[in-house]
Amino acid sequence: MTTTSPITAPDRRVPKAAARSEAPGRRRFKPGAGRQHHAGPFAYFALAVVGIGSLFPLYWTLVAASRTQNEVLDTTPPFIPGGNLFNNLEAAWEQAHLGKAIWNTLIVSASITAATLFFCTLAGYAFAKMRFRGRGALMTAVIATLTIPPQLSVVPLFMMMSDIGWGGKLESVIFPTLVSAFGVFFMRQYLSEALPYELIEAARVDGANNIRIVRSIVLPVARPAMMVLGMLTFVQAWNDFFWPYLALNQENPTLQVALGQLSASYVPDQSIVMAGALISTLPLLVVFVVFGKQIVGGIMSGAVKG
C-alpha cells in the first residue's frame, strides 16, 4: 500500500518589513527624515565671524566716542574704550541740541510707523482678499512706484509743502510718508497666504461687516507681519536724513539733521561726532530689546508656511 504525501500549500507569509511598508495609511519616510541636525565647528565659526562683523561698527563707535580727537586720528587707533565718554556725550548733546532733536525724531517715527501699519494693512487686505474691478492694475501701479527714485519728487514735494505752509515743520516730513508701496505689497503678500477665504466667508455668514472682519480677523492674523513692517518702518524713519534735511531747518531738526551739524565745521571733532552717533543708536537698541521677541516671532511665522 502506497501512501501519497499531501500537497502542501505554498508559504504565503509576508515579511514583517514588507507588511509594514505595504500597510495602508502608512508613509514611507526617507532615512534621516525628522532628525535634528547639530551644528558643527564650521557653523559656529561662521556664526562667530558674522556676529563679530556685525557688532564691530557699534563697538568702534563706543571706542571713538570715549577717546579724544587726537587718539581717534592717531596712526594706530585704539581698540579699547577710554575714559572720555561722558564728556563727549555732554558736548554732543549741547552742541547739536539733541534733546529737541530726539523728541522731534520720536514724534516723526512714531507717527509714520502707526500710519503705515494702519493704511498698509487695510490696503493689503483689500488687494489680497477683496474682489473689485481694476485690482490687478492698481497693484501693478503701486509696485511700479518702487522703481521711481525718490530724488525725482523732491522739487515738486518741496514746493507743495511750501504752498501749504508746512515749510520747516514736522508735518512736511510726516505726511508724505504715511503710506509706503513696499508696506502695501508686503502686507498683501502675507495676507494672501495667511488669511483663508473660508474664515472671511464664515464671518460674513455670521453677519459681520467689513469693519468687524478687519478688527476681529484681519488684524489678529496680520499681527506678526505688522510687527516686522513696524520695525522696518520705524528704523527707516529714525535714520532718514535726505528729506528731513531739505524740509526742516536748524531750529527744528530731527536727530540725523542735528548730527549733520556736528560734522559741518571745518575740522569736526570725530570723537564728539561718534558720541552723537552713539546717542542716536541707543533708542533703536532699546526698541529691539523690548520688542525683539515679537519681531523675531513675526519673521519666523512669515518664513514658515503651512
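Residues numbered from 1 in each chain as written. Predicted model: local features only at pLDDT ≥ 70, side-chain atom pairs only at ≥ 80, totals over all residues. Heavy atoms only, no water.

Asker: How should I be thinking about the overall build of the protein chain in this particular structure?
Answerer: A tally of regular secondary structure across the protein chain gives 14 helices and 0 strands. Mapped from its N terminus to its C terminus, the protein chain presents α and β elements in the order α-α-α-α-α-α-α-α-α-α-α-α-α-α. The burial tally for the protein chain puts 30% of its 306 residues in the buried class. Considering only contacts within the protein chain whose residues lie at least 6 apart along the sequence, 72% involve residues at least 24 apart. Accessible surface computed for the protein chain: about 20500 Å², of which carbon and sulfur atoms make up 65%. (Helix = DSSP H or I, 4+ residues; strand = E, 2+ residues; numbered from the N terminus. Buried < 20%, exposed > 50% of the residue type's maximum accessible area, 1.4 Å probe, protein only. Contact = heavy atoms within 4.5 Å. Areas by Shrake-Rupley, 256 points an atom, 1.4 Å probe, with all protein chains shown as cover.)

Asker: Explain unusual backbone geometry here, please?
Answerer: Among all residues save glycine, negative phi is the norm, and among peptide bonds the norm is trans. Phi is positive for His-97, which is not a glycine, with a value near 50°. Note that His-97 resides in the loop between helix 4 (85-95) and helix 5 (98-129). The class for His-97 is exposed, based on a relative accessible area of 56%.

Asker: Just to check I follow, could you spell out the packing of aromatic side chains for this structure?
Answerer: Where two aromatic rings form a pair, the distance of their centres and the angle of their planes describe that pair. For the coordinates displayed, the defined rule picks out 7 aromatic pairs. A centroid spacing of 5.2 Å and a plane angle of 75° characterise the contact between Phe-118 and Phe-119, whose relative ring orientation is edge-to-face. The class of Phe-119 is partly exposed, set by a relative accessible area of 38%. Over the ring of Tyr-197 we find Lys-129; its NZ or CZ atom is 4.2 Å from the centre of that ring. Positioned above the aromatic ring of Tyr-197, the side-chain terminus of Arg-131 is 4.8 Å from the ring centre. (Phe/Tyr/Trp six-rings, centres within 6.5 Å; stacked < 30°, edge-to-face > 60°. Lys NZ or Arg CZ within 6 Å of the ring centre and 35° of its normal.)

Asker: Hey, could you run me through the nonpolar core in this one?
Answerer: A general tendency of soluble globular proteins is for nonpolar side chains to be buried together. In this structure, Tyr-125, Met-187, Leu-191, Leu-195, Ile-213 and Val-218 are the most contacted members of the largest nonpolar core, which totals 21 residues. Of all the secondary-structure elements, those providing two or more residues to this core are helix 5, helix 9 (181-194), helix 10 (197-205) and helix 11 (210-239). A total of 8 residues in this core trace back to one element, the largest contributor, which is helix 11. The contacts of Ile-213, once residues within four sequence positions are left out, are Tyr-125, Ile-200, Ala-203, Arg-204, Ala-208 and Val-218. With 20 residues, the next largest nonpolar core counts Ile-102, Trp-238, Ala-258 and Leu-284 among its residues. (Core = buried A, V, L, I, M, F, W, Y, C linked by side-chain atoms within 4.5 Å.)

Asker: Looking at this structure, how should I read helix 4?
Answerer: Of all the positions in helix 4, only Leu-85, Asn-88, Ala-91 and Ala-92 are classed as buried. Around the axis of helix 4, the buried residues are gathered within 135° of arc, so they sit on the same side. Turned more than 90 degrees away from the buried face of helix 4 sit Phe-86 and Glu-94, all of them exposed. A positive backbone phi angle near 50° is found at His-97, which sits one or two residues after helix 4. (Arc of directions from axis to C-beta.)

Asker: Sorry if this is basic, but what is going on with a nonpolar patch on the surface here?
Answerer: Together, Phe-56, Tyr-59, Leu-62, Phe-79 and Ile-80 line one region of the surface with nonpolar side chains, adding up to about 480 Å² of accessible area. Tracing the sequence through the fold places Phe-56 in helix 2 (residues 41-65). (Patch = residues over 30% accessible without salt bridge, like charges linked within 9 Å, V, L, I, M, F, W, Y side chains within 5 Å. Salt bridge = Lys/Arg side-chain N within 4 Å of Asp/Glu carboxyl O.)

Asker: Looking at this structure, how should I read the confidence of the model for the protein chain?
Answerer: A low pLDDT score tells you not to read the predicted coordinates there in detail. For the protein chain, the average pLDDT comes to 82, and 83% of its residues sit at 70 or higher. Here residues 1-10 scores under 50 on pLDDT; set against residues more than four positions off or in separate chains, the count is 0 contacts. Throughout residues 17-23 the model reports pLDDT below 50, and contacts reaching past four residues in sequence, or to other chains, amount to 3 contacts. (pLDDT = per-residue confidence, 0-100.)

Asker: Would you take a moment to explain the packing of helix 10 against helix 11 for this structure?
Answerer: Between two packed helices, both the angle of their axes relative to each other and the distance between the axes serve to describe the pair. One way to put it is that helix 10 packs onto helix 11 with a least axis distance of 10 Å and a crossing angle of 130°. Here helix 10 is positioned oblique relative to helix 11, judged by the angle of their axes. As helix 10 packs across helix 11, the resulting crossing turns out to be right-handed. Judged by residue contacts, Leu-199, Ile-200, Ala-203 and Arg-204 of helix 10 engage Asn-210, Ile-213 and Ile-217 from helix 11. Taken together, the residues of the contact of helix 10 with helix 11 sort by class into 5 nonpolar, 1 polar and 1 charged. (Axes fitted to C-alpha atoms, helices over the stretch in contact; angles between N-to-C directions. Parallel < 35°, antiparallel > 145°, perpendicular 65-115°, else oblique. Left-handed = near helix turned anticlockwise from the far one by under 90°. Nonpolar A, V, L, I, M, F, W, Y, C, P; charged D, E, K, R; others polar.)

Asker: Got a minute to help me understand the pattern of salt bridges in this structure?
Answerer: Between side chains of opposite charge, pairing is possible as soon as their charged atoms come close. On inspection of all chains with the given rule, the structure shows 2 salt bridges. In this structure, the salt-bridge partner of Arg-67 is Glu-71, at a minimum N-O distance of 3.7 Å. Take Glu-71: its relative accessible area is 33%, and that puts it in the partly exposed class. For Glu-201, the salt bridge goes to Arg-204, with nearest N and O atoms at 3.6 Å.

Asker: Just checking my understanding: could you explain the environment of Ala-92 for this structure?
Answerer: Locating Ala-92 in the fold gives a position in helix 4. Among the residues examined, Ala-92 registers a relative accessible area of 0% and is labelled buried. In this structure the C-alpha to C-alpha distance between Ala-92 and Asp-269, which are 177 residues apart in sequence, comes to 9.9 Å. Not counting the four nearest positions on each side in its chain, Ala-92 is found in contact with His-97, Leu-98, Leu-262, Ile-272, Ala-275 and Gly-276.

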